[in-house]
Each structure stands twice: as structure tokens, then as C-alpha cells.
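Tertiary structure, described
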Amino acid sequence: MYRYLTLLGLILATASSQAGISGQVVDDLTGEAISGARVRIQTSLAEPEISGFDGRFALPDPTDDNVTVTAVTPFDSAAAINYITGSAPAGPGDAIEIRLTRLPLADQAPYDPGSSVECASCHFDQFSQWQESRHAGAGVNPWVLDLFSGDGTPGGAEGFVFRDTHDADDTGFCATCHNPVADAQDPGNVFMNEVTSDSGLDGVGCLGCHQMAEVNENTNSLHHLGNTLYRFPEDSSTPLWVWGPLDDVSFDIMRASYQPGFSDSRYCASCHQYNNPNTGAPGQTTFDEWLASPFAEPGPGFRSCQDCHMPPAEQDGPISTLFGQPHRPAEQRRSHQFVGSNPQTLAAAIDLELHWQIAGGQLQIQARVINHGAGHAFPTGVSIRNAVLVIEATANGQALTQISGPTIPFYGSAHGGTEAGDVAGQPGRGFARVLQGRINGEGESVYPVLFIDAETVRSDTRIPAGQSDRSDYEFSLEGVFGGQAEVSARLLYRRAWRDLAITKNWDETPSGGPIEIEAERVTAQIDLNDIAGPVQMIPAMRPWAMLALISLLMASAWATGSRDHLRP
């Protein structure tokens with residue numbers, strides 16, 4: 001009898017363990033079933049279950065006795081009804097009901113949610129990271145204000161000032177991306193230097209992204225001038241209605257909706273891809289550059305914008321500092337520093353190779369700049385960003401005369417520049433997109449101009465993702481007899497045209513960084529005493545690359561020796 005009772009208990013226990021958590025997702029207002037909802041155990045990395053036509057779902061039993069089960073439908077602006085995430089507590093074998101609250105249909109405007117500081121009370125880690133980002137300073141960016149209204153820095157009124165050269169009612173659309181919460185309530189009509197609201201001065205603050213409910217496929221439109229949908233739901237707690245990439249954020253205070261687009265590169269296109277609304281000339285094309293890159297191809301090498309610029313946290317933890325918040329895996333905790341170009345990221349993304357040989361009394365140099373690690377062109381972003389490759393060759397301390405090869409274009413120097421750092425006309429290359437057009441649509445066509453005045457692209461020498469640029473140079477060795485020669489290649493990344501930086505007296509970036517970064521430098525020492533006739537030399541490169549080349553040569557020599565040994 002005891003054995004039968006034991007067997008019965010085992011059967012019941014097994015049945016219970018296989019029962020799982022079941023239930024139904026319903027509309028909290030009407031009680032009607034909701035189909036197509038994503039149902040999961042909170043913080044799980046497993047694929048969610050999808051509620052059926054009758055709103056029902058079934059989940060396997062959890063490993064814990066007490067879990068939270070969440071449900072939500074993806075936000076869709078075309079849907080008649082959208083919801084925030086709902087939840088219910090559950091345990092093994094439970095049957096539960098999850099009730100979803102509707103999103104309001106009406107929006108509130110005018111509306112100022114206050115400063116992002118208010119978000120820090122619950123999301124301190126994310127706020128602290130954001131404060132260090134360039135998004136945080138976008139609303140009061142001194143460079144942009146110098147260009148727009150001339151009052152960002154003490155020397156900002158010098159040179160080009162948009163409001164001095166354009167119609168009085170022309171906003172230039174600067175606030176569209178730099179003060180998005182303010183401008184979204186009056187699209188295209190906000191003057192950046194007249195923004196006074198806390199949320200507007202925050203720049204791309206917390207709600208600048210998290211109240212952006214949708215980004216459509218019209219990526220060449222400028223942000224909310226045709227590319228994005230902002231929602232400020234009409235309610236006493238409007239700032240708490242937010243959208244995000246997690247489908248299981250359910251907390252009584254927040255009103256979180258699930259927007260899968262937050263994990264898609266197209267979300268970043270809302271500000272990092274646009275054309276001049278009047279002429280169609282490109283402003284930024286970073287999203288299109290990513291689409292054409294190896295990083296956009298499905299497979300193990302796929303990387304979205306977020307994968308590089310919002311990487312996962314180093315360890316598990318909550319996304320809120322409030323007591324009792326769920327402990328999440330690192331994949332669900334993304335960095336909000338939005339790291340861009342700096343000495344470390346440039347060194348990781350860009351390689352520089354230098355090869356040389358002496359032939360016919362000439363020093364011949366080949367340089368290659370390789371964009372292997374950026375998911376977009378080098379350089380990318382606004383058109384004032386540029387890079388120059390500087391090639392220098394000396395023999396016994398004297399500069400050699402260039403016979404052939406490209407020289408650095410005009411933007412290598414300030415206008416008429418003769419100071420250190422001015423390199424236009426020297427051997428080398430320039431990498432930039434130069435826009436051309438008429439200022440305010442009047443007068444002669446000039447270059448370079450900002451996107452708002454651009455009518456055409458005069459030149460585009462930037463290096464696409466996964467590609468390289470090769471340039472060849474020849475220097476005369478006439479009159480050189482023995483001694484030592486030195487060849488160097490320097491790749492300089494500049495965050496602004498040098499002439500613009502000198503004119504505006506910019507000596508650092510708005511975030512306090514250097515305007516110019518030496519991304520790479522390669523040098524080679526050549527003993528001219530031992531050279532007689534043309535000699536092909538080993539490329540000059542960084543130590544790790546040299547070790548790899550030596551290994552390759554040793555392997556090749558071993559293989560050749562093996563083949564010789566096998567010959568009859």
C-alpha cells in the first residue's frame with residue numbers, strides 16, 4: 001500500500017511540474033481577450049509565448065516558487081488600441097489573469113516634463129552614464145550655438161552665424177535634434193537659442209528618446225519632421241508614459257510600453273540620417289552607411305548601432321535603484337554613455353599601413369587606411385568632421401621633394417594658414433564629405449557649407465565600413481648619398497574644419513575633449529648605406545602585425561622546405 005501511495009504522489013508531483021503557468025490576457029477596461037500579447041516570466045531571456053485569439057497562454061513552470069509574469073502587445077501607431085505592460089504574480093501550476101491598461105489616445109501640449117534629473121531618483125546608473133554623454137549637452141552645445149546664433153562661446157560670433165545670414169523666421173532645424181522634446185511640440189518652428197524649458201535644455205534627455213514612440217521608414221526626413229512619432233499622453237502623470245526595448249517592465253509607478261524598434265538601428269536614424277528638407281542634399285547618412293556595411297548582414301558578424309554604442313553591462317543587476325526591483329541579466333542593462341569617437345575607439349576601428357621601396361633613385365611609398373571596425377563611414381556624422389593622412393619623408397634630417405602622389409586638400413589648414421597643424425598641400429590624403437551651396441539660397445555657390453545650405457556634394461572621400469583607401473607617393477633621392485631616411489604616416493581625426501575651429505577660437509570640443517586626435521601613426525627607418533638598386537621592403541606596421549607577418553613568413557618557409565624535400 002505504501003508503494004502505491006508513493007507512486008501516486010510521484011505521479012501527482014510530475015503532473016504538477018508539467019502543468020506550468022496558464023492564464024489569459026484581457027483588456028482592463030472591457031475584460032475582452034487580447035491576442036498577440038507577448039507573455040513571459042519577467043527577466044527571462046527565453047522567447048516569449050504569444051497569447052492566442054482567446055487571449056490564453058501557457059508557460060512552463062518556473063524554477064522559483066514566486067515569479068512575475070508579464071504581458072504586452074508591441075506598440076503600433078496604426079492600431080486602434082495600444083497598451084502598457086501588465087503583470088501578475090504566479091507560481092508553479094497557477095492559472096492567472098493579466099489585465100492590460102490602455103494608452104490614452106490624446107496627447108498633452110504644451111508640455112514640459114521637467115529635467116532628466118527627476119529620472120535619476122529611480123535610474124541613477126543610467127542617468128550618471130547619460131550625463132557623461134554628448135546627448136546630455138546637445139541642448140546647450142556651444143559649437144552648435146556658435147554656428148546658429150553666435151553666442152555659444154566667447155568667440156562664437158566670428159565667421160559663419162546662421163541667424164545673421166538667413167531669414168528671421170528660419171530656424172535652421174537645429175532644435176529638431178538638439179532640443180527634441182521642445183521641438184516635437186512645434187515641429188521645425190523652435191529656435192535653438194530661445195529654448196528655456198528644462199526638458200529642452202537637457203538636449204537628448206531621457207524622454208527625448210523614451211517618449212519617442214515610433215520611427216518609420218522615411219529615414220531621410222529630419223527626425224519628427226516626418227520620421228518619428230512622439231507621444232505625450234494626456235494624463236496627470238504624462239512624463240511616466242514611456243517606451244523602451246524590454247517587453248517585461250511592469251512597475252506600478254511607470255507606464256511602460258514595449259517598442260521593439262528601440263533595439264533597431266533605424267531608431268538612431270531619427271537624428272543620424274537626414275537630408276536638407278529643401279534641396280535633398282545629405283546632412284547625415286550614418287544609417288545608410290551602416291545598411292551598406294558588413295555589420296548589417298545577418299549572421300554572427302551582425303552589429304546594430306546599439307550593440308556598439310550601447311553595449312551590455314558588465315554584470316547582472318537591476319535597472320532601477322528602487323527596493324525590490326528585479327535582478328536582470330547584463331544583456332538587458334545597456335550603457336547610456338553613447339560612446340563615439342575617441343582615441344580608444346578610433347584605434348580599435350581604423351588601421352594604418354605603410355609600405356616602401358627604393359627604385360630608380362626614388363623613395364616610393366604606399367599608404368593604406370583601413371576602416372575595418374566602424375559600422376559606418378570614416379569619418380561619419382555632420383559634415384564638419386574630417387580626417388587627414390599626413391605623409392612625411394626625410395633623408396639625413398632634410399625633407400625630401402615629392403615627385404608624385406596626392407596632397408592634402410584645403411581643409412587641412414585654416415584659411416591662409418601657416419601655423420603648426422596646417423597641413424594643406426603637403427603629401428597625403430583627406431577624408432571628408434564637402435557640401436556646396438548658396439548661403440540662404442542666394443549669391444554664389446560656395447563650399448564647405450553646413451547641410452542647411454547644401455545643394456550638392458562637392459566631394460566625398462570618406463572610407464566606407466569594411467573598405468580601405470590606398471594612396472601612392474614618390475619622393476626624389478637626388479643628391480642623397482647614404483645615411484638615414486625616415487618615413488612616417490599620421491592619421492589625424494578632426495571634429496571640425498580647421499578653419500572653422502580657428503575662426504571660432506575653439507580649443508576643445510563641447511565635452512572638453514581634443515578637437516584633433518592622432519588616430520594612428522606608423523614610421524619606418526631606412527638605412528641608405530646598404531641599398532643598391534630597387535629593394536622591396538617589409539611594410540612598416542605596429543608590433544602585433546609584425547609578429548603576425550613573421551609567423552606567416554616562417555610558415556611559408558617551412559612549407560617551401562617541405563615541398564623541396566618531397567621533390568624527386
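Residues numbered from 1 in each chain as written. Predicted model: local features only at pLDDT ≥ 70, side-chain atom pairs only at ≥ 80, totals over all residues. Heavy atoms only, no water.

1. Comments concerning the environment of aspartate 27
How we decide: Comment: elements are numbered from the N terminus, with helices defined as DSSP H or I runs of at least four residues and strands as E runs of at least two. Burial here depends on accessible area, computed with a 1.4 Å probe over protein chains only, as a share of the maximum for the residue type. Under 20% is buried, over 50% is exposed, and the range in between is partly exposed. Every residue pair with non-hydrogen atoms within 4.5 Å of one another is taken to be in contact. Whenever two N or O atoms come within 3.5 Å, that pair is a polar contact, provided that in protein one can donate a hydrogen and the other can accept it, and provided that, for residues adjacent in sequence, both atoms are side-chain atoms.
Relative to the helices and strands, aspartate 27 resides in strand β1 (residues 21–27). Overall, aspartate 27 belongs to the buried group, its relative accessible area being 3%. For aspartate 27 and tyrosine 83, which are 56 residues apart along the polypeptide, the C-alpha to C-alpha distance reads 8.7 Å. The residues contacting aspartate 27, other than those within four sequence positions of it, are Glu32, Ile34, Tyr83, Arg99, Leu100 and Arg102. Among the polar contacts listed, one links the side chain of aspartate 27 to the backbone nitrogen of leucine 29, at a separation of 2.7 Å.

2. Overview of the side chain of aspartate 247
In this fold, aspartate 247 is placed in the loop between β10 (241–244) and β11 (255–258). Judged by relative accessible area, which is 5%, aspartate 247 ranks as buried. Only 2.7 Å separates the side chain of aspartate 247 from the side chain of arginine 38, close enough to count as a polar contact. At 2.8 Å, the side chain of aspartate 247 forms a polar contact with the side chain of arginine 40. Apart from residues lying up to four places away in sequence, aspartate 247 is in contact with Arg38, Arg40, Pro48, Thr70, Val72, Thr85 and Tyr258.

3. Looking at the environment of tyrosine 230
Looking at where tyrosine 230 falls in the secondary structure, it is placed in strand β9 (residues 228–230). The sequence separation of tyrosine 230 and valine 215 amounts to 15 residues, and the corresponding C-alpha distance is 9.1 Å. Apart from residues no more than four positions distant in its own chain, tyrosine 230 is found in contact with Asp107, Pro180, Ala184, Leu207, Gly208, Gln211, Met212, Ala213, His223 and His224. Here the side chain of tyrosine 230 touches glycine 208 through a polar contact of 2.4 Å, landing on its backbone oxygen. Engagement of the side chain of tyrosine 230 in a polar contact is seen with the side chain of histidine 223, the distance being 3.3 Å.

4. Remarks on the state of the cysteines
To keep things clear, this is the line we draw: In what follows, a disulfide is any cysteine sulfur pair within 2.5 Å.
Summed over the entire model, instances satisfying the criterion amount to one disulfide. Disulfide pairing is shown between cysteine 177 and cysteine 271; the S-S distance is 2.5 Å. Looking down the S-S bond of the cysteine 177 and cysteine 271 bridge, the torsion is -110°, so its handedness is left-handed. Within this pair, whereas cysteine 177 is found in helix α5 (residues 174–178), its partner cysteine 271 is found in helix α9 (residues 265–272), the two being separated by 94 residues in sequence. Each member of the pair, cysteine 177 as well as cysteine 271, is classed as buried. The thiol of cysteine 119 is unpaired, and the distance to the nearest cysteine sulfur, on cysteine 206, comes to 3.9 Å. Assessed through its relative accessible area of 25%, cysteine 119 is described here as partly exposed.

5. A short note on the nonpolar core
One recurring pattern in soluble globular proteins is that nonpolar side chains are buried together. Keep this limit in mind: Remark: nonpolar core denotes a set of buried residues (Ala, Val, Leu, Ile, Met, Phe, Trp, Tyr, Cys) joined through side-chain atoms within 4.5 Å.
Counting residues in hydrophobic clusters, the biggest one holds 35 residues, and the most contacted among them are Leu363, Ile365, Leu389 and Leu491. Counting residues per element, the ones that place at least two in this core are α12 (343–349), β14 (350–359), β15 (362–371), β16 (386–395), β22 (468–476), β23 (484–494) and β24 (516–527). Judged by nonpolar contacts, the second largest core, of 20 residues, contains Phe162, Ala182, Leu435 and Val449.

6. Overview of unusual backbone geometry
Residue proline 110 is bonded to the preceding alanine 109 through a cis peptide linkage, with omega at 0°. Backbone geometry at threonine 43 places phi at a positive 75°, although glycine is not the residue there. On the secondary structure map, threonine 43 appears in the loop between β2 (38–41) and β3 (49–50).

7. Describing the pattern of salt bridges
Cut-off, in case you're wondering: Note on definitions: salt bridges are taken to be side-chain nitrogens of Lys or Arg within 4 Å of carboxyl oxygens of Asp or Glu.
All chains considered together, the criterion is met by 22 salt bridges. Measuring nitrogen to oxygen at the nearest pair gives 2.8 Å for the salt bridge that ties aspartate 27 to arginine 102. Placement of aspartate 27 in strand β1 and of arginine 102 in the loop between β7 (95–100) and α2 (124–131) is noted, with a sequence separation of 75 residues between them. Here arginine 231 makes a salt bridge to aspartate 107, at a shortest N to O gap of 2.7 Å. Placement of the pair is arginine 231 in the loop between β9 and β10 and aspartate 107 in the loop between β7 and α2, with a sequence separation of 124 residues. For aspartate 107, a relative accessible area of 33% corresponds to the partly exposed category. A cluster of three or more residues bridged by salt bridges with shared partners is formed by Glu289, Arg433, Asp460 and Arg462.

8. Points about the pairing of β2
The cut-off we apply is this: Any two strands with at least two DSSP-identified bridges between them are counted as paired.
Neither face of β2 is open: one carries Arg38 and Arg40, the other Val39 and Ile41, and all of them are buried. As paired elements, β2 and β3 share two bridges and run antiparallel to each other. What sits directly across from valine 39, in β3, is glutamate 49.

9. Some words on the side chain of aspartate 202
Tracing the backbone through its elements, the reader meets aspartate 202 in the loop between α7 (198–201) and α8 (206–210). Each residue touching aspartate 202, except ones within four places of it in the same chain, is listed here: Gly114, Ser115, Ser116, Trp130, His135 and Ala136.

10. Comments concerning the sheet that holds β3
In spatial order, the strands read β3-β2-β5-β6; together these four strands make up an open sheet with antiparallel pairing. Where the open sheet ends on each side, the last strands, each with one partner, are β3 and β6 (86–90).

11. Here we look at α2
Let me state the cut-off plainly: This arc corresponds to the set of directions leading from the helix axis out to the C-beta atoms.
Among all positions in α2, only Gln126, Phe127 and Trp130 are buried. The arc that holds the buried residues of α2, viewed along the axis, is 100°, so those residues lie on one side.

12. As for the packing of aromatic side chains
For any pair of aromatic rings, geometry is given as the distance between the ring centres together with the angle between the planes. Note the following rule: Pairing of aromatic side chains here covers Phe, Tyr and the six-membered ring of Trp, requires ring centres within 6.5 Å, and sorts the geometry by plane angle: under 30 degrees stacked, over 60 edge-to-face, intermediate tilted.
Applying the stated criterion across every chain yields a total of 15 aromatic pairs. Ring centres 5.1 Å apart and planes at 50° place the aromatic pair tyrosine 411 and tryptophan 497 in the tilted group. Of this pair, tyrosine 411 sits in the loop between β18 (402–404) and β19 (428–431) while tryptophan 497 sits in the loop between β23 and α13 (498–504); the two residues are 86 residues apart in sequence, bridging distant segments of the chain. Taken individually, tyrosine 411 and tryptophan 497 each receive the classification buried, so the pair is uniform in this respect. Aromatic rings pair up to connect Phe410, Tyr411, Tyr447 and Trp497 into one cluster.

13. Quick look at the confidence of the model for the protein
Heads up, the rule is: The predictor's confidence in any single residue is recorded as pLDDT, a number from 0 to 100.
Chain-level pLDDT for the protein is 91 on average; 90% of the residues reach the 70-or-more range. With pLDDT under 50 throughout, residues 532–568 is counted as low confidence; its partners more than four residues away or in other chains account for 30 contacts.

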